[in-house]
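What follows is each chain in one-letter form.
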Protein chains: 2
Amino acid sequence: MGQLNANIVAVGDELLVGQVVDTNSSYLAAELTRMGVTVSYSLTVSDDLEVIQSAMVDGMDRCGLTLVTGGLGPTPDDLTREAAAALAGSSLTVNPKILNSLKDHFKTLGRTVPRGSEQVARVPGGFEILPNSKGTAPGLWHKGQNGSVVVLLPGVPHEMKAIFSDHVIPRIMQIKGRTEIVQRTLKAAGIGETVLQAEIESINHLLEPALRIAYLPGAYGVRVRLTISGRNAGERIDAAEQCIRAKLGTVIFGQDDDTLESVLGEMLRIRGMTIAVAESCTGGMVLNQLTNVSGSSRYVLGGVIAYSNQVKQHQLNVDADTLRQFGAVSEPAAVQMAEGVRACLGSDIGLSVTGIAGPSGGTADKPVGLVWIGYSDVHESWAVKHQFGLDRDRNKQKSVVAALNLVRHSLLKHSGHEQETE
Amino acid sequence: MGQLNANIVAVGDELLVGQVVDTNSSYLAAELTRMGVTVSYSLTVSDDLEVIQSAMVDGMDRCGLTLVTGGLGPTPDDLTREAAAALAGSSLTVNPKILNSLKDHFKTLGRTVPRGSEQVARVPGGFEILPNSKGTAPGLWHKGQNGSVVVLLPGVPHEMKAIFSDHVIPRIMQIKGRTEIVQRTLKAAGIGETVLQAEIESINHLLEPALRIAYLPGAYGVRVRLTISGRNAGERIDAAEQCIRAKLGTVIFGQDDDTLESVLGEMLRIRGMTIAVAESCTGGMVLNQLTNVSGSSRYVLGGVIAYSNQVKQHQLNVDADTLRQFGAVSEPAAVQMAEGVRACLGSDIGLSVTGIAGPSGGTADKPVGLVWIGYSDVHESWAVKHQFGLDRDRNKQKSVVAALNLVRHSLLKHSGHEQETE
């Protein structure tokens, strides 16, 4: 078949009142994309028999594959099974095998089958059963007269994922045949989306026309997603990645599951170096991010959150005169905070952040969003200035990215890898 | 008009390949539901001009309100603006006012407008501009010939939310007319969803049958959402709230936009007290949370993040013998950390967290998820033990909630308000 288009239907009032964020659809979208199936659209509908049925009919008209999640539970508002029977022009009958496994399931829990739960054993005619290794409601598979397939999956994420991996993926691969589609996401920090895009567009002639590039800005930098399909997709994406990395250099900090903190952590671990952080306006967010990596206690000694000037003086040995003359948000204060936390905690690297996160506290000289980031190691101490925007949360996030990225660049420089492309 | 139906269209290939989970749609669904607007369906479509246009046309046919998020950025794959012009049978023209504010925006950042960015100043004819206080791309509002409204919002969540709150909500309330639907969300900490539900069900006979109650567990406690519609909805929800608060007491820490850190901050501010925190396993997350409140510098002095035992000894004066005999995750270590940070930073209250966040580092004696929280003030020092689960992120979150909630209860106790219901 080769080209296969899919649509995803999420069923549930709880999604349409905004009570639950639908993560199933994006999981299925990612899995389908990985398999080379194009997801044309994704729809969320209420627990309404006719609406569910009509979404299935539309889906089967438009796409070769329709994945429906939710509405397979035991309560009266679970109507996907009924809608499926109407779609297939069949009725629901109790499947003895499912009923027995249901009884076994509750027996293991030391309980009898709760009233209503046997609903999940009712199967619409014309549907094949996809066993559920993690729960009671099975998945269901139906091939329509036009060859289009509809698959019903429970809404509970871990049950949905189990059935999808165990039974749906192998069946889709059979329908589809293996086409090679390869995706890779490069992650950049310290560069805006527009500039990044211009840089990559300037080497457009070096990249093959079939390469698709998407730019995805986020709180923790910009992601560049590369997609190539067809023959030798793996080698071709390697070539594209090499060109882009050669152009962008150390702006790219990692790929796919890498995070700035995991990459920096690995660099510190390899070098056998430790870090300590003095934070003012970020209030612990830099250290929180650094220590989100399991095993980070090997290279993070800790730090001092110095919100008040007294703490800056007494815990970090920042000079009272400096604070008086230049203020807490200043180059010399940032440098002394970095030096102070390194000296007090005995780390190889001292990092500091001091700024005005906002929304209050800004002045004409020192507006909201002004942030100094300080760095200190055995060789040198210095600080760099940033001017971010007006939003407190964003200013904290941007300060964290800038701080972690600054240490990464400093480590690269000292290793003579500033121009490395790997 | 009274009854108003809405649909939500999320635009973006990144959503259909599963790279980004769409949180905008559930945010909008929740807000619309709160306003008494029924969300009929929610659709995610790709960055395709015709598909976006057709989603808008369908939406306006079926519902009085269509909210479109995404595709308003400056890059060539941002096509929502073009689709809107096609829908309205108009064309795009540069709006000088938006262009100027764009230039101002980049000027503040000390930069010129990057090439391509001026795209966001192009406005489709027939659309009104909804200013964006958080970014460059404005929202857009259009009323079709059938009276149905389509609203375009940027996909960046904090920008989308700002425009929605500032400009869309007031306009929807005008269209809709005020039907009395009142919602109130009570926020609880230190209690599980099931126990909370059982407590409220035990006073069911005191609550009116028309009251709808939803239980929404989250990382930062459980929210109890009350909904009442019809006559005197405001007074009736007050009565329901009073009953529930009388039953639950200080388990309820606030309502609606309150957060644990804003409530605690206000308590400290009123009492003129200061706090300092010593964190181990939470790695700065407690302080980060505390300092998310603007103006928190008035009561947060700062803290020490003591990941290593040396830092615990030297910066917090934790006894080396204590660490040797009981370990860093122990009652005496937690108490000494709280006392140490209070003494060293000179705060009224010292708070400490030490535990094993996991996934590694657990032992038979001290399994992953074991967390000690220490407290110290002028009257007393003590620590409490928690046993959380296996997930690192959740353990950090739960520790933060437990730590902030512990200080809140201690302040209530000292004020003799432990049984207060206000």
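Residues numbered from 1 in each chain as written. Chains lettered and ligands numbered in written order. Predicted model: local features only at pLDDT ≥ 70, side-chain atom pairs only at ≥ 80, totals over all residues. Heavy atoms only, no water.

Quick word on the overall build of chain A
Under the convention used in this document: Counting from the N terminus, the helices are DSSP H or I runs at least four residues long and the strands are E runs at least two residues long. The rule is simple: take the accessible area with a 1.4 Å probe, protein chains only, and divide by the maximum for that residue type; under 20% is buried, over 50% is exposed, in between is partly exposed. Residue contacts are counted whenever heavy atoms from the two residues lie within 4.5 Å of one another. Here the accessible surface of atoms and residues is derived via Shrake-Rupley with a 1.4 Å probe, and residues count as covered only by protein chains that are part of the display. In this tally, Lys and Arg are treated as positive and Asp and Glu as negative; His is ignored, and so are the chain termini. Where a charge sits is defined by one atom per residue type, namely NZ (Lys), CZ (Arg), CG (Asp) or CD (Glu).
When you go through chain A residue by residue, the secondary structure sums to 14 helices and 17 strands. With the C-alpha coordinates aligned to their principal axes, the bounding extent of chain A is approximately 85 × 55 × 40 Å. Out of the 422 residues belonging to chain A, those deemed buried represent 54%. Expressed as a percentage of contacts within chain A between residues at least 6 apart in sequence, the contacts between residues at least 24 apart total 67%. Split by element, the accessible area of chain A, about 17,800 Å² in all, is 49% carbon and sulfur. Side-chain charges of chain A comprise 38 positive and 44 negative groups, with the mean position of each set lying 3 Å from the other.

Here we look at the interface of chain A and chain B
Here is the rule we go by: A quick way to say it: buried area is the sum, across both parts, of accessible area lost when two parts are put together, with a 1.4 Å probe. A side-chain nitrogen of Lys or Arg and a carboxyl oxygen of Asp or Glu constitute a salt bridge if their distance falls within 4 Å. Side-chain classes are defined by residue name, with Ala, Val, Leu, Ile, Met, Phe, Trp, Tyr, Cys and Pro counting as nonpolar, Asp, Glu, Lys and Arg as charged, and the others, Gly among them, as polar.
Between chain A and chain B, the contact holds 62 residues from the first and 65 residues from the second. Of the roughly 4,800 Å² buried between chain A and chain B, counting both surfaces, carbon and sulfur atoms make up 51%. Of all residues in chain A, Leu16(A), Tyr307(A) and Gln315(A) give up the largest surface area on contact with chain B, accounting jointly for 11% of the area buried on that side. Remark: the boundary between chain A and chain B carries 1 salt bridge. Where Lys134(B) meets Asp391(A), a salt bridge forms, and the shortest distance between an N and an O atom there is 2.7 Å. A per-element tally of the side of chain A that touches chain B places strand S14 (residues 300-306) of chain A first, with 7 residues. Residue composition of the side of chain A that touches chain B, grouped by class: 25 nonpolar, 28 polar and 9 charged.

Some thoughts on the sheet that holds strand S7 (residues 139-143) of chain B
To summarise the sheet geometry, strands pair through backbone hydrogen bonds and adopt either a parallel or an antiparallel arrangement. The condition that has to hold: DSSP bridges decide pairing: two strands pair if at least two such bridges lie between them. A fitted line through C-alpha atoms represents every axis, and for helices the fit uses only the stretch in contact; the resulting angles, taken between N-to-C directions, go from 0 to 180 degrees.
Overall, mixed pairing links the 12 strands, which are arranged S6(A)-S7(A)-S8(A)-S3(A)-S1(A)-S2(A)-S2(B)-S1(B)-S3(B)-S8(B)-S7(B)-S6(B) in an open sheet. Sheet topology places strand S6 (128-130) of chain A together with strand S6 (128-130) of chain B at the edges, where each strand pairs with a single neighbour. Pairwise comparison of adjacent strand axes, ignoring direction, gives a mean angle of 20° for this sheet. Here strand S2 (residues 38-45) of chain A runs beside strand S2 (residues 38-45) of chain B; their pairing, made up of 5 bridges, is antiparallel. Its bridge partner lying in S2(B), Tyr41(A) is registered against Val45(B). Contacts between helix H3 (residues 49-62) of chain A and the sheet are confined to strand S1 (5-11), S2, strand S3 (65-69), strand S7 (139-143) and strand S8 (149-153) of chain A, with S2(A) contributing the most and set at about 170° to the helix.

Regarding the pairing of strand S13 (residues 275-279) of chain B
Sheet faces and side chains relate simply in a regular strand, where the side chains alternate between the two faces. Residues and elements named next belong to chain B. Short version of the rule: Crossovers are marked right-handed if the path from the first strand over the helix to the second runs clockwise, as seen with the strands pointing away from the viewer.
Among the 5 residues that make up S13, 5 are buried, leaving the element largely enclosed by the rest of the structure. Here S13 shows a buried face lined by Ile 275, Val 277 and Glu 279 and a second buried face lined by Ala 276 and Ala 278. A crossover links S13 with its parallel partner strand S14 (residues 300-306), the connecting element being helix H10 (residues 285-290), and its sense is right-handed. Here S13 runs beside strand S15 (residues 349-355); their pairing, made up of 5 bridges, is parallel. Opposite Ala 278, over in S15, you have Ser 352 as the bridge partner.

So, the state of the cysteines
Spelled out, the test is: We call a pair of cysteine sulfur atoms a disulfide when they lie within 2.5 Å.
All chains considered together, the criterion is met by 0 disulfides over all chains. Cysteine Cys344(B) is unpaired, with the sulfur of Cys344(A) as its nearest cysteine sulfur at 11 Å. The partly exposed category is assigned to Cys344(B), whose relative accessible area is 24%.

Looking at the packing of aromatic side chains
We count it as follows: Stacked, tilted and edge-to-face are the three classes applied to pairs of Phe, Tyr and Trp rings, where Trp contributes its six-membered ring and a pair requires centres within 6.5 Å; stacked means planes under 30 degrees apart, edge-to-face means over 60, and tilted covers the rest. In this scheme, the term charge over a ring applies when either NZ of a lysine or CZ of an arginine sits within 6 Å of the ring centre and within 35 degrees of the ring normal.
A full pass over the atoms with the stated rule returns 4 aromatic pairs over all chains. The residue whose ring lies beneath Arg62(A) is Tyr41(A), and the NZ or CZ to ring-centre distance is 5.2 Å. Taking the ring centre of Trp141(B) as reference, the NZ or CZ of Arg171(B) above it sits at 5.0 Å.

With respect to the side chain of Thr274(B)
Turning to its location among the elements, Thr274(B) is positioned in the loop between helix H9 (260-271) and S13. With near-sequence residues (within four places) excluded, Thr274(B) lies in contact with Arg298(B), Tyr299(B), Leu301(B), Gly346(B), Ser347(B), Asp348(B) and Ile349(B).

Here we look at the domain arrangement of chain A
So the rule is basically this: Start and end points for every domain follow an automatic or database-based domain assignment.
Assigned domains of chain A: these are domain 1 (5-176), domain 2 (181-255) and domain 3 (260-414). On a C-alpha basis, the centroid separation for the pair domain 1 of chain A and domain 3 of chain A is 50 Å.

Regarding a negative patch on the surface
Cut-off, in case you're wondering: For patch building, the residue pool is restricted to those with more than 30% relative accessible area and no salt bridge; the joining distance is 9 Å between like charges and 5 Å between nonpolar side chains (Val, Leu, Ile, Met, Phe, Trp, Tyr).
Among the surface-exposed residues, Asp13(A), Glu14(A), Asp48(A), Glu50(A) and Asp77(A) lie close enough to one another that they form a single negatively charged patch. For Glu50(A), the position within the fold is in helix H3.

Comments concerning the side chain of Thr80(B)
All names here are of chain B. For clarity, the threshold we go by: Any pair of nitrogen or oxygen atoms within 3.5 Å is treated as a polar contact; in protein, a donor-acceptor pairing is required on top of that, and neighbouring residues in sequence qualify only through side-chain atoms on both sides.
Locating Thr 80 in the fold gives a position in helix H4 (residues 80-88). At 2.7 Å, the side chain of Thr 80 and the backbone oxygen of Gly 70 are in polar contact. If near-sequence neighbours (up to four positions away) are discounted, Thr 80 is found in contact with Val 11, Ile 52, Met 56, Val 68, Gly 70, Gly 71, Leu 72 and Leu 152.

Thoughts on the pattern of salt bridges
Residue and element names in this part refer to chain B. For the structure on display, the rule yields 19 salt bridges over all chains. Ionic pairing is found between Glu 241 and Arg 184, a salt bridge with its closest N-O pair at 2.5 Å. Highlighted residues: Glu 241 in helix H8 (residues 233-248) and Arg 184 in strand S9 (residues 181-188), separated in sequence by 57 residues. We classify Glu 241 as buried; its relative accessible area is 11%. Arg 184 gets classed as buried once you look at its relative accessible area, which sits at 13%.

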